[in-house]
Amino acid sequence: MPHLIYLTAHNFTVMSLGKAARSLVTPVRGVLRCSASALSRSYAAVAEARAVIEHELETIRAAGTWKAERIITSKQGPQISVDGSRGNILNFCANNYLGLSSHPEVVQAGIEALKTHGAGLSSVRFICGTQDLHKKLEQTVAEFHQREDCILYASCFDANAGLFEVLLGPDDAVLSDELNHASIIDGIRLCRAKRLRYKHMDLSDLETKLKEAQSSRMRLVVTDGVFSMDGDVAPLRGICDLAEQYGAMVFIDECHATGFLGPRGRGTDELLGVMDRVHIINSTLGKALGGAAGGYTVGPKPLIDLLRQRSRPYLFSNALPPPVVACATRAVELLLASNEIAQSMTAKTMRFRNKMTQAGFTIAGSAHPICPVMLGDARLATLMADDMLKLGVYVIGFSYPVVPKGKARIRVQISAAHTDEDIDRCVDAFIQTGRKHGVIS
């Protein structure tokens with residue numbers, strides 16, 4: 001018997017038809033009825049799409065850039081349990097820079113908020129999704145960054161997606177470092193401003209682009225504070241000098257700096273002495289500040305007010321869950337109370353970098369807990385990461401499209417929760433694995 005397919009907005013069902021309905025193709029109450037021939041064409045389209053997708057997947061596998069997901073069976077921390085591996089595994093690739101993901105006070109704050117404020121709001125902020133917890137966290141984060149106001153998002157990816165479209169119009173210009181994070185690139189694509197990309201951390205090229213943008217109404221220089229794949233720090237002093245010379249504002253994404261860079265862990269702007277010269281900061285709650293989820297924008301209050309009215313990821317996404325908000329609030333409070341955790345990072349970072357360099361490895365970046373072990377070949381990076389896991393050290397190989405082709409690496413990230421013994425064991429595993437694969441002698 002022929003079949004009839006009912007297509008709705010969310011699903012389809014196939015039903016057998018009798019002879020009288022073989023040629024029936026009519027819309028009924030908004031539901032599209034398709035004949036057997038139409039169904040056949042639909043199946044052909046799906047089969048063709050499947051073939052295209054499977055070919056693309058095979059291309060990824062053949063290139064050695066397949067990204068497998070390992071399953072962690074414990075809480076996040078310097079030591080974790082991994083499905084399929086025995087014993088505790090040293091974790092050297094989390095963004096848990098300060099070890100706060102499993103800090104007792106941070107965890108307890110989340111537990112208490114779950115009891116008092118529930119699991120979630122089931123709503124966006126402006127309808128019925130704003131709790132006192134959200135306002136407290138926004139005030140605390142604004143205080144931490146010494147800015148006028150703060151707005152929370154579900155992630156920093158959303159914060160970057162929600163900023164540029166609201167702030168910049170067709171009469172404006174945005175000048176972006178060529179190696180900025182993908183979320184910045186996507187966010188800029190959403191705005192209608194003139195887009196100018198300058199060479200990575202190249203102040204001369206930035207100046208050229210600023211001169212080109214002088215006819216624009218507003219100019220915004222956009223850069224990562226720390227570039228996540230390389231661990232290099234943006235030249236913010238020079239950027240601020242040029243911005244002031246050519247009448248531009250400065251934006252930085254601080255996801256890999258907030259909480260631990262600078263004397264008090266305020267970030268790249270504090271580290272380089274330009275806190276009063278950077279105008280807008282986006283960052284995350286999902287790394288050093290508790291590690292759960294969430295992002296934010298801090299800056300002038302009129303800008304934050306405008307984002308609350310116009311920013312699409314804010315207006316159309318559920319409010320952050322109360323336990324996440326409470327965990328992040330406690331993490332920031334701990335950092336406001338003491339800079340001891342942030343200051344512990346430098347010595348541990350340099351211990352790893354120095355020992356790895358002495359062993360013959362090439363480590364990108366400088367003095368940042370992101371320590372990319374440069375390998376070049378994607379397949380090599382994956383094989384070495386797998387062998388490291390067998391030695392009890394969890395790291396991941398990074399390859400295209402996360403990093404450029406030919407620049408595959410294993411990105412090691414140091415945490416304040418790592419001991420010197422942890423670091424030495426990681427280095428020893430790298431030496432053993434590096435010799436096996438001919439990376440070092």
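Residues numbered from 1 in each chain as written. Predicted model: local features only at pLDDT ≥ 70, side-chain atom pairs only at ≥ 80, totals over all residues. Heavy atoms only, no water.

Asker: Is there a simple way to explain the overall build of the protein in this structure?
Answerer: From N to C terminus, the protein includes 16 helices and 18 strands. In the protein, buried positions account for 50% of the 441 residues. Partitioning the intrachain contacts of the protein with sequence separation of at least 6 by distance along the chain shows that 69% fall at a separation of at least 24. Summed over all atoms, the accessible surface of the protein reaches about 20900 Å², with 53% contributed by carbon and sulfur. (Helix = DSSP H or I, 4+ residues; strand = E, 2+ residues; numbered from the N terminus. Buried < 20%, exposed > 50% of the residue type's maximum accessible area, 1.4 Å probe, protein only. Contact = heavy atoms within 4.5 Å. Areas by Shrake-Rupley, 256 points an atom, 1.4 Å probe, with all protein chains shown as cover.)

Asker: Whenever I open this one, the packing of helix α15 (residues 378-390) against helix α16 (residues 420-436) confuses me. Can you help?
Answerer: The relative placement of two packed helices comes down to the angle between their axes together with the axis-to-axis distance. Viewed as axis vectors pointing N to C, α15 and α16 meet at an angle of 130 degrees, and their least axial separation amounts to 10 Å. Between α15 and α16, the crossing angle belongs to the class labelled oblique. In this structure, α15 meets α16 at a crossing whose hand is right-handed. Listed contacts from α16 to Met384, Asp387 and Met388 of α15 are Cys426, Ala429, Phe430, Thr433, Gly434 and Lys436. (Axes fitted to C-alpha atoms, helices over the stretch in contact; angles between N-to-C directions. Parallel < 35°, antiparallel > 145°, perpendicular 65-115°, else oblique. Left-handed = near helix turned anticlockwise from the far one by under 90°.)

Asker: Explain the pairing of strand β9 (residues 219-224) here, please?
Answerer: Each regular strand displays side chains that alternate between the two surfaces of the sheet. Burial analysis of β9 places six of its six residues in the buried class, which makes it a mostly covered element. Burial of β9 is two-sided: the residues Arg219, Val221 and Thr223 facing one way and the residues Leu220, Val222 and Asp224 facing the other way are all buried. Direction of pairing for strand β7 (residues 173-177) relative to β9: parallel, over a ladder of four bridges. The partner of Ala173 across the bridge, within β9, is Arg219. Of the pairings in the sheet, the one linking β9 to strand β12 (residues 249-253) comprises five bridges and is parallel in character. Bridging across to β12, Thr223 finds its partner in Ile252. (Pairing = 2+ DSSP bridges.)

Asker: Even after reading the chapter, I still don't get the environment of Ile252, so can you show me in this structure?
Answerer: Among the secondary structure elements, Ile252 is positioned in strand β12. Take Ile252: its relative accessible area is 0%, and that puts it in the buried class. It is 9.0 Å that separates the C-alpha atoms of Ile252 and Leu236, two residues lying 16 residues apart in sequence. The residues contacting Ile252, other than those within four sequence positions of it, are Thr223, Gly225, Leu236, Asp269, Val278, Ile280, Ile281 and Asn282.

Asker: Mind showing me how you'd approach the pattern of salt bridges here?
Answerer: Any two side chains of opposite charge can pair if their charged atoms end up close together. The full count for this structure, using the stated rule, is 24 salt bridges. With its nearest N and O atoms 2.5 Å apart, the salt bridge here joins Glu105 to Arg330. Taken together, the residues span a long stretch of sequence, with Glu105 in helix α2 (residues 104-117) and Arg330 in helix α12 (residues 322-337) at a distance of 225 residues. Residue class for Glu105 comes out partly exposed when judged on its relative accessible area of 38%. Taking relative accessible area as the criterion, Arg330 reaches 25% and is therefore assigned partly exposed. Among the salt bridges present, the one from Lys355 reaches Asp424, with a minimum N-O distance of 3.9 Å. Of the two residues, Lys355 is situated in helix α14 (residues 345-359) and Asp424 in helix α16; the sequence distance between them amounts to 69 residues. (Salt bridge = Lys/Arg side-chain N within 4 Å of Asp/Glu carboxyl O.)

Asker: Teacher, can you tell me more about the side chain of Lys209 here?
Answerer: With respect to the element layout, Lys209 can be found in helix α7 (residues 203-212). Look past the residues within four positions of Lys209 in its chain and what remains in contact with it is Leu175, Leu196, Arg197 and Tyr198.

Asker: Would you take a moment to explain the side chain of Arg147 for this structure?
Answerer: With respect to the helices and strands, the residue Arg147 is situated in the loop between α4 (132-145) and β6 (149-153). In this view, Arg147 contacts Ala142, Asp269, Met275, Val278, Ile281, Val298 and Gly299; residues no more than four positions away in its chain are not counted.

Asker: Just checking my understanding: could you explain the packing of aromatic side chains for this structure?
Answerer: Two numbers describe a pair of aromatic rings. These are the distance of the centres and the angle of the planes. Evaluation of the coordinates by the stated rule reveals five aromatic pairs. Their ring planes at 65 degrees and their centres at 6.4 Å tell us that Phe352 and Phe430 sit as a pair that is edge-to-face. Taken as a pair, Phe352 in helix α14 and Phe430 in helix α16 lie far apart in primary sequence, 78 residues in all. Here Phe430 falls in the buried class, since its relative accessible area comes to 0%. The interplanar angle of 70 degrees and the centroid separation of 5.8 Å between the aromatic rings of Phe361 and Phe430 together place this pair among those described as edge-to-face. Taken together, the positions of Phe361 in the loop between α14 and β15 (370-376) and Phe430 in helix α16 put the pair 69 residues apart, joining distant regions of the chain. Feature note: the residues Phe352, Phe361 and Phe430 constitute an aromatic cluster, connected by ring pairs. The ring centre of Tyr394 lies 4.8 Å from the NZ or CZ of Arg70, which sits over that ring. Note that Lys405 overlies the ring of Tyr400, its terminal NZ or CZ placed 4.8 Å from the centroid. (Phe/Tyr/Trp six-rings, centres within 6.5 Å; stacked < 30°, edge-to-face > 60°. Lys NZ or Arg CZ within 6 Å of the ring centre and 35° of its normal.)

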